[in-house]
Amino acid sequence: MDLFANALMSVLSPSSFFLLIGGVGLGIIFGAIPGLTATMAVALLVPFTYSMAPAQGIVALVGVYVGGIYGGSISACLVNIPGTPASMLTTIDGYPMGQRGEAGKAIGYATVSSFVGGIVSGIILIVFAGQVAKIAYKFGPAEYFSIAFFGLSLICAVSGGNLLKGLISAIIGLMIKCVGMDPVTSVSRYVFGYTSLLGGFTFIPVMIGLFGMREFLIQVSTGRYRFQVEQRVGKILPSLKELLHEKWIMLRSGLIGTFIGILPGAGGPIAAFLSYECTRRLSKHPETFGKGEPDGLCSSEAANNGVTGGAIIPMLTLGVPGDSVTAIMLGAFMVHNITPGPNLFTNSPDLIYAIYLGFIIANVLMLIYGLFGAKVFAKILNVPMGILLPCVAVLTVIGGYSIRNSLFDVRLVVLFGLLGYVMSCFDFPIVPMVLGLVLGQLCEANLRSALVISKGSWWIFFEHPIACVFTVLGLIMLISPLIAKILVKAVDRKKNS
Amino acid sequence: MKKWLTKDTCSGIVLLAFSVWWLWGANQINVREMDNGLAADYMPKLLGYVLLVLSAILLATSLLKTYRGCHVEEGKSPYRHWKAFGLLAGLALYCLFMDKLGFVICTVLFLFGTMSALCDPKEGNKKDIKFLAKYLIIAAILTAVIYAIFVVAFKITLPEFSLMS
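Residues numbered from 1 in each chain as written. Chains lettered and ligands numbered in written order. Predicted model: local features only at pLDDT ≥ 70, side-chain atom pairs only at ≥ 80, totals over all residues.

### Structural notes on the interface of chain B and chain A
Part 1: Counting residues at the interface gives 53 residues for chain B and 47 residues for chain A.
Part 2: If you tally residues by element for the side of chain B that touches chain A, the top one is helix α3 (residues 81–118) of chain B, at 16 residues.
Part 3: A breakdown of the residues in the side of chain B that touches chain A according to their chemical character gives 36 nonpolar, ten polar and seven charged. (Contact = placed C-beta atoms within 7 Å. Helix = DSSP H or I, 4+ residues; strand = E, 2+ residues; numbered from the N terminus. Nonpolar A, V, L, I, M, F, W, Y, C, P; charged D, E, K, R; others polar.)

Have a look at this one:
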């Protein structure tokens, strides 16, 4: 109880609360503007949490995360462009509602369902994170490696639709993590005499480069986001009867989102898709989906905000991110020399409680922002990208510089921004690379430890039950697209003959 | 005529060369006798071989598709690289001079340059003095806001004007 009271005091202290309010608001702005994502917002803000207390900084980032995922729905409803990939499905029904003159109502539905999804996932986070941490205490190197392997194979299988390129991207991420001192024997690798590289590529500048600078370069070179909000945002809140009609859809979608969020590597777009499909199939009038059906809008939004709480569970309990945003949030823990994992629950329970409380309060703030500030956020969409993008570029430079006051880190931001840009031009997904980077050390250290224990036998990953489950699931993830392709070809051949 | 140098073929060749270079680098890593076969070069070599195989598959499938003529025609790229590289050059200059000219001067110049380059042509004539003055004022105000937030509120140290020293 003392811990809870301490956490409450720390989250509700004026400075922390102000940061949380600012974080949620900033997240909504970044989420709402197409081209600026929640991931980018968190990547840009991580360096600035350095000067804050750990609980203050991490809770502020949780606020950005919650606000950012919700913010995507505003542009989805108003200009038919999802602000974040997670709100892709929201455009299908949100925009037609706007065209019918119900843009405000669409944002209202999105706000309330995002809130319900967020709260459902928050409750599951609070109830289950501690239990998962207790199980994780018993994990050895084989289990940790198999979970990391599963996370990597899952993200390769689902990102960008090209397994081969996803795998290559993940391998490049793992390779980048190999540069510097070997974590086991402290031997230098791929340093080539540059002492600055002995500690490896600093995580935060690399993330800022990949999510901030890359996005800036893509926006500049494509110039595709020139839009104008033409719809009038009228009455926001739907009637109580209308909202109660959606209650089961919101709850079910929140649960689906939370479950998908828990899976390492899976994220909002998959959750929104699964939930939307589930609602459409269960609906008595599926033909109305895609034509401004509130059921579809609510299922997509509740699911993508449900992911937020779910994705925090593996991040806190195992040190394995649930999605790209939590991958970057792991960097915030590193900035404060905190290692997420089961030990965090015994060493820093006050921080855990602060995150729980911060998450719930962030969702309440998101609801307030959405219901009372949607008209303002709609106006922000009209700010010219020609002014916004250079500001983002300056923020990436400051973010890179501020960690160690080093221009070397700024060069890293530019270098990795360029690498990300080139990879995007050649259709390689970025998220597997980020996950490779985040899980690189966990993978290598645990793989080598497990192989030392088993005297070099790879069967160790099938002998331990939990490790076996995740290894087999990971292998299925990698093999299933190939099998599906072969089956489709076989069916085609049969049809032709 | 078949177009052999597709995106996938190019990336396959580059990745193949990179994996060979990576494996060469892995062989340069100091390995001690007591490392039980799981030395510091274990992971780099493992990753190098996996990348070698994957890039070979990427290259082979791409060439095979072109040979069979079933490569999906790559349409006009949505990317205008000259814009991105032009701005990268601007950023490089920004970073280069920030040490000497300081954050404030460099940021005003960078913001002014990029804003006037990125602005919508419909907004006005880029050579018009009023138009340029508008962007110079916006750049100065935004720099002041950024400076106030990060240096004054967050207490972050940013490079200052040091040309005279």
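Here the narrative resumes, following the displayed structure.
### What to know about helix α10 (residues 247–262) of chain A
Residue and element names in this part refer to chain A.
Part 1: Between its first and last C-alpha, α10 extends 23 Å over 16 residues, near the 22 Å set by a 1.5 Å rise per residue.
Part 2: For α10, the complete set of buried residues consists of I249, M250, S253, G254, I256, G257, T258, I260, G261 and I262.
Part 3: Residues of α10 that are buried sit in contact with α5 (90–136), α11 (268–282) and α12 (294–318). (Expected span 1.5 Å × (residues − 1). Buried ≥ 20, exposed ≤ 12 C-beta atoms within 10 Å, placed from the backbone.)

### Remarks on the nonpolar core
Part 1: With 207 residues, the main nonpolar core has A:V42, A:L61, A:C77, A:A148 and A:I171 as its most contacted residues.
Part 2: In terms of residue count, the dominant contributor to this core is α5(A) (18 residues).
Part 3: Viewed by domain, this core spans two of them, domain 1 (7–68) and domain 2 (81–153) of chain B, each represented by three or more residues.
Part 4: In this structure, A:L61 is in contact with A:G23, A:V42, A:L45, A:V46, A:T49, A:M329 and A:A332, ignoring residues within four places of it in sequence. (Core = buried A, V, L, I, M, F, W, Y, C linked by C-beta atoms within 7 Å. Domains from an automatic or database assignment.)

### Describing helix α1 (residues 2–12) of chain A
Residue and element names in this part refer to chain A.
Part 1: The set of residues buried in α1 consists of A7, S10 and V11. End-on, the buried residues of α1 take up no more than an arc of 95°, which puts them together on one face. α1 presents D2, A5 and M9 as exposed residues on the side facing more than 90 degrees away from its buried surface. (Arc of directions from axis to C-beta.)

### Some details on the packing of helix α1 (residues 7–27) of chain B against helix α2 (residues 42–68) of chain B
Residues and elements named next belong to chain B.
Part 1: Their axes nearest at 8 Å, the elements α1 and α2 cross at an angle of 160°. Here α1 is positioned roughly antiparallel relative to α2, judged by the angle of their axes. Where α1 crosses over α2, the two elements pack in a sense that is left-handed. Where α1 abuts α2, its residues D8, T9, S11, G12, I13, L15, L16, S19, W22, L23 and A26 lie against P44, K45, G48, L51, L52, S55, A56, L58, L59, S62 and L63. (Axes fitted to C-alpha atoms, helices over the stretch in contact; angles between N-to-C directions. Parallel < 35°, antiparallel > 145°, perpendicular 65-115°, else oblique. Left-handed = near helix turned anticlockwise from the far one by under 90°.)

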